[in-house]
Amino acid sequence: MLRSAGQERLTGSGEDPRVTGLRTAVSRLRRELAVLPVEFPDRGIAEDELAALDAMAVGGRPEIPRLRRSLLLVAGAIGSVSALAPGLRDVRVAVDLFGEPPRRRP
């Protein structure tokens, strides 16, 4: 069911929409990376961290520091591949929706 003019889908499963958005963005970037004909040294790192992001999302309650760490590793691994920039941006936006981790008191 659509919530408003094609903007968001409501799921009956009760899944957090941030998790759905993260899974969608990660899936898209993984597909784009898979069909990219260019080899680059850190491709394996990007693939591993995207798999880790997907696994965290499947779990339903990803840890924010781990999300951010994986995002940084993916960005560092594929940052210079301009063809992947839109997909990487979407993953960053999806991770940012989880907000800041709670600060620990000294």
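Residues numbered from 1 in each chain as written. Predicted model: local features only at pLDDT ≥ 70, side-chain atom pairs only at ≥ 80, totals over all residues. Heavy atoms only, no water.

Engineer: What am I meant to see in the nonpolar core here?
Structural biologist: Leu-22, Leu-29, Leu-53, Ile-78 and Val-91 are the most contacted members of the largest nonpolar core, which totals 26 residues. When residues of this core are traced back to their parent elements, those giving at least two are α1 (17–35), α2 (43–59), α3 (64–78) and α4 (85–96). When residues no more than four places from it in sequence are discounted, the contact partners of Leu-22 are Leu-53, Ala-57, Leu-67, Ala-94, Val-95 and Phe-98. (Core = buried A, V, L, I, M, F, W, Y, C linked by side-chain atoms within 4.5 Å. Buried < 20%, exposed > 50% of the residue type's maximum accessible area, 1.4 Å probe, protein only. Helix = DSSP H or I, 4+ residues; strand = E, 2+ residues; numbered from the N terminus. Contact = heavy atoms within 4.5 Å.)

Engineer: Where do I start with the packing of α1 against α4 in this structure?
Structural biologist: For any two helices packed against each other, the geometry is given by the interaxial angle and the distance between the axes. In contact at an axis separation of 9 Å, α1 and α4 are set at 160 degrees when each is read in the N-to-C sense. One finds that α1 runs roughly antiparallel with respect to α4. For the pair α1 and α4, the crossing hand works out as left-handed. On α4, the residues that touch Gly-21, Leu-22, Ala-25, Val-26, Arg-28, Leu-29 and Glu-32 of α1 are Pro-86, Gly-87, Leu-88, Asp-90, Val-91, Ala-94 and Val-95. For the contact of α1 with α4, the per-class residue count stands at 9 nonpolar, 2 polar and 3 charged. (Axes fitted to C-alpha atoms, helices over the stretch in contact; angles between N-to-C directions. Parallel < 35°, antiparallel > 145°, perpendicular 65-115°, else oblique. Left-handed = near helix turned anticlockwise from the far one by under 90°. Nonpolar A, V, L, I, M, F, W, Y, C, P; charged D, E, K, R; others polar.)

Engineer: Mind showing me how you'd approach the pattern of salt bridges here?
Structural biologist: Close approach of charged atoms allows side chains of opposite charge to pair. Tallied over the entire structure, the rule returns 11 salt bridges. With a shortest N-O distance of 2.1 Å, Asp-90 and Arg-28 are connected by a salt bridge. With Asp-90 in helix α4 and Arg-28 in helix α1, this pair connects stretches of sequence that are 62 residues apart. Asp-90 gets classed as partly exposed once you look at its relative accessible area, which sits at 24%. Residue Arg-66 pairs with Glu-49 through a salt bridge whose shortest N-O separation is 3.3 Å. (Salt bridge = Lys/Arg side-chain N within 4 Å of Asp/Glu carboxyl O.)

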